[in-house]
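Take a look at the letters that make up each chain.
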Amino acid sequence: MFDWNQDPHRRFNPLSREWVLVSPHRTQRPWQGQVEKPAPETQPAYDPNCYLCPGNARAGSARNPPYTGTFVFDNDFPALKGDTTHERFEQSGLLIAETEPGVCRVVCFSPQHNLTIAGMTPGDLRRVVDTWVDQYQSLGADPNIGYVQIFENRGAMMGASNPHPHCQIWASRSLPNEPAREQASLLAWRDQHGTCLLCEYAKLERIGEKRVVEENEHFVTVVPFWAVWPFETLVLSKRHLGAIEELNSAERDLLAGILRQLTTRYDNLFEVPFPYSMGFHQRPTDKQPHPEWHFHAHYYPPLLRSATVQKFMVGYEMMAGPQRDLTPETAAARLRQASDIHYLDR
Ligand SMILES: [Zn+2]
Ligand SMILES: [Zn+2]
Ligand SMILES: [Zn+2]
């Protein structure tokens, strides 16, 4: 008899409409739960050499103000630039290029160099959520901006060069690949079923519970059925809403709360500052109504078995498609077991 918990199979991701190969039999070795703790790297509250700390010099002649809350500035080396004229190049239908106006910003979560989301107070974190809303609205109001991508890279493993807690916002005229793929899937689902794909998915997961990490009144965190990264999670709003700006005050507190709990569980899993890339997907700002969009956050952490063993997307994954050993159900169980009280506070 085929055993979904043991035998190799593939699972469909209805958002990206791609398949992931799951090979649970390869995790026969029992979970050791071993924690390879690298020497704790203590960071000072203020680092005179950090270009994000208050009062410090940045690239060129820029200097940070002595900020006390969140601090937003235009990236000194932006990947996108504003006043770009609209140009398109096309040759033989194969060589295609177009101009892409946009804005890149950095958001410091706190003046304190050594804080993380998990270590912030609910009030501090609420200010970060409010800053995200402000940025989504003000950047999105620009007629040249069709999409606002908010994302955070945490840890050297994910290419974050600076431990100061911050995220980035890249706003562009076009809808980038990942949200474009999801938008097509959300639209197709809506056309076919008359419902929202992610509302239906959240309902299913909350009934099944196997992949739910935790939930509060407004949000639920799951390891998606189709997760690729070992401890990948999806944070879904329970109410159908398209963008972060539609969250009311209580819901913004609840978003701050569930992100704090999730990052705490992540840190506790291997008792290290857990690296990840996270980002929100939400309604484009192209001035269309987009009732198909459902606000959510993805977390893609690279760690597999310990603080030092990471998953690589190479070989088969580069050439063919993603593969995982650990089942999403097992990953969710481990994240539930990881306490939501931070290991450094115990
Ligand atoms: Zn700093
Ligand atoms: Zn929905
Ligand atoms: Zn998404």
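This text gives an overview of the structure that appears in the document.

Reading guide: rules and limits
- Residues numbered from 1 in each chain as written.
- Chains lettered and ligands numbered in written order.
- Predicted model: local features only at pLDDT ≥ 70, side-chain atom pairs only at ≥ 80, totals over all residues.
- Heavy atoms only, no water.
- Core = buried A, V, L, I, M, F, W, Y, C linked by side-chain atoms within 4.5 Å.
- Buried < 20%, exposed > 50% of the residue type's maximum accessible area, 1.4 Å probe, protein only.
- Contact = heavy atoms within 4.5 Å.
- Helix = DSSP H or I, 4+ residues; strand = E, 2+ residues; numbered from the N terminus.
- Donors = N, O, S within 2.8 Å, 3.2 Å for Na, K, Ca; no water.
- Axes fitted to C-alpha atoms, helices over the stretch in contact; angles between N-to-C directions.
- Parallel < 35°, antiparallel > 145°, perpendicular 65-115°, else oblique.
- Tetrahedral: all angles 85-135°; square planar, octahedral: opposite > 155°, others 65-115°.
- Pairing = 2+ DSSP bridges.

Among the nonpolar cores identified, the biggest contains 52 residues, and Trp 132, Phe 231, Leu 255, Phe 280 and Tyr 299 are the most heavily contacted of them. With residues near it in sequence (within four places) discarded, Phe 231 still touches Tyr 266, Leu 269, Phe 270, Phe 274, Pro 301, Leu 303, Leu 304, Leu 326, Ala 331, Arg 334 and Leu 335. Ranked by size, the runner-up nonpolar core spans 18 residues in total, among them Leu 15, Leu 198, Tyr 201 and Trp 229.

Take unusual backbone geometry next. Unlike most non-glycine residues, Ser 92 shows phi in positive territory, near 55°. Relative to the elements of secondary structure, Ser 92 occurs in the loop between strand E4 (88-91) and strand E5 (95-98). In the Ramachandran plot, His 290 falls in the positive-phi region, its phi being about 50° despite a non-glycine side chain. Considering the arrangement of structural elements, one finds His 290 in the loop between strand E12 (276-281) and strand E13 (296-300). Among the residues examined, His 290 registers a relative accessible area of 11% and is labelled buried.

Another aspect to go through is the coordination of the zinc ion (ligand 3). Every protein donor of the zinc ion (ligand 3) is accounted for by Glu 182 (OE), Glu 182 (OE), His 281 (ND1), His 296 (NE2) and His 298 (NE2), and the metal-donor separations fall at 2.0 to 2.2 Å. The sequence pattern formed by the donor residues of the zinc ion (ligand 3) is E-x98-H-x14-H-x1-H. Note that Glu 182 is positioned in helix H2 (residues 177-193) and His 281 in strand E12, a separation of 99 residues in sequence. A single burial state applies to Glu 182 and to His 281, both of which are buried.

Turning our eyes to something else, we now look at the packing of helix H4 (residues 249-270) against helix H6 (residues 328-337). Where H4 contacts H6, the two axes come as close as 8 Å, and the packing angle between them is 95°. As summarised for this structure, H4 and H6 are arranged roughly perpendicular, according to the angle between their axes. On H6, the residues touching Arg 265, Tyr 266 and Leu 269 of H4 are Arg 334, Leu 335 and Arg 336.

Right, let's talk about the coordination of the zinc ion (ligand 1) for a bit. Note on the zinc ion (ligand 1): its protein donors are Cys 50 (SG), Cys 53 (SG), His 113 (ND1) and His 164 (ND1). The metal-donor distances range over 2.0 to 2.3 Å. Here the zinc ion (ligand 1) binds four donor atoms, and the angle range of 103 to 116° at the metal identifies the geometry as tetrahedral. All donor residues of the zinc ion (ligand 1) come from one chain, and their arrangement in sequence is C-x2-C-x59-H-x50-H. Linking Cys 53 in the loop between strand E2 (18-22) and strand E3 (71-74) with His 164 in the loop between strand E7 (147-154) and strand E8 (166-172), this pair joins segments that are 111 residues apart in sequence.

Here we come to the sheet that holds strand E9 (residues 212-215). Here nine strands make up an open sheet; going across it, the order is E3-E6-E8-E7-E12-E13-E11-E10-E9 and the pairing antiparallel. Both outer strands of the open sheet, E3 and E9, are each paired with one neighbouring strand and no more. Along the sheet, successive strands turn relative to each other by an average axial angle of 20°, direction set aside. Sheet topology note: the E12/E13 ladder contains five bridges and is antiparallel. Paired with Ser 277 across the two strands is Tyr 300, which belongs to E13.

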